[in-house]
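# Analysis of the macromolecular model
So the chains spell out like this:
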Amino acid sequence: MPAELAVLGLSGILMLVHIFTATHYKTKQYGADWNMGARDEDLPPLNDIAGRLDRARGNFLETLPLAIIALGGVVLADKTTALTALAAWIWLGARVIYLPLYWAGVPKLRTLVWGAGLAALVYVLGVLLLA
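Keep in mind the model is a prediction, meaning the values are calculated, not measured. (Residues numbered from 1 in each chain as written. Predicted model: local features only at pLDDT ≥ 70, side-chain atom pairs only at ≥ 80, totals over all residues. Heavy atoms only, no water.)

Each turn of an α-helix holds 3.6 residues, which means side chains three or four residues apart point in the same direction. The first and last C-alpha atoms of helix 1 (residues 3-30) sit 40 Å apart over 28 residues, in line with the 40 Å expected at 1.5 Å per residue. Every buried residue of helix 1 is listed here: Ala3, Glu4, Val7, Leu8, Ser11, Leu14, His18, Thr21, Ala22, Lys26, Thr27 and Tyr30. Next to the buried residues of helix 1 lie helix 2 (32-36), helix 3 (48-76) and helix 4 (82-104). Backbone geometry just after helix 1 places glycine 31 at a positive phi near 100 degrees. (Helix = DSSP H or I, 4+ residues; strand = E, 2+ residues; numbered from the N terminus. Expected span 1.5 Å × (residues − 1). Buried < 20%, exposed > 50% of the residue type's maximum accessible area, 1.4 Å probe, protein only. Contact = heavy atoms within 4.5 Å.)

So, in structure tokens, the structure goes:
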């Protein structure tokens, strides 16, 4: 299996970690009835940690389609290389590091880690479109 597909598979696990972590802290704040209900009621803003985890989840879900396009695209186009595989692992590593940084409220380093992951995906997109 190409490394790029392995990274996409592992990103599915990371997506579940994001979803369940954010939901756990939202449920701690709003209660089990909220979690199992229709969630139609107006609620107070999330506390700091629950809010950060919810935003981190949203950020991951915003960037995951780009990863699917780039990494899946180079596999489908038979343009995988050692560098696209490395870029895939860099993206996944950056995303794994990003979650605890955001959770802990680390502002600048978090953004640099996000940028490294994005740069890795931009490289793979370049290979897909230009190579």
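Here the focus is the environment of leucine 99. Topologically, leucine 99 is positioned in helix 4. Exposure remark for leucine 99: the relative accessible area of 6% places this residue in the buried category. Once you skip the residues sitting within four places of it in the chain, leucine 99 turns out to touch Val17, His18, Leu53 and Ala56.

Running from N to C, helix 3 and helix 5 (residues 107-130) point in directions that differ by 30 degrees, and their axes come no closer than 8 Å. Put simply, helix 3 runs roughly parallel to helix 5. As helix 3 runs across helix 5, the sense of the crossing is left-handed. Between helix 3 and helix 5, the residues in contact are Asn59, Thr63, Leu66, Ala67, Ile69, Ala70, Leu71, Gly73 and Val74 and Trp114, Leu118, Leu121, Val124, Leu125, Val127 and Leu128, respectively. Within the contact of helix 3 with helix 5, the residues separate by chemical class into 13 nonpolar, three polar and no charged. (Axes fitted to C-alpha atoms, helices over the stretch in contact; angles between N-to-C directions. Parallel < 35°, antiparallel > 145°, perpendicular 65-115°, else oblique. Left-handed = near helix turned anticlockwise from the far one by under 90°. Nonpolar A, V, L, I, M, F, W, Y, C, P; charged D, E, K, R; others polar.)

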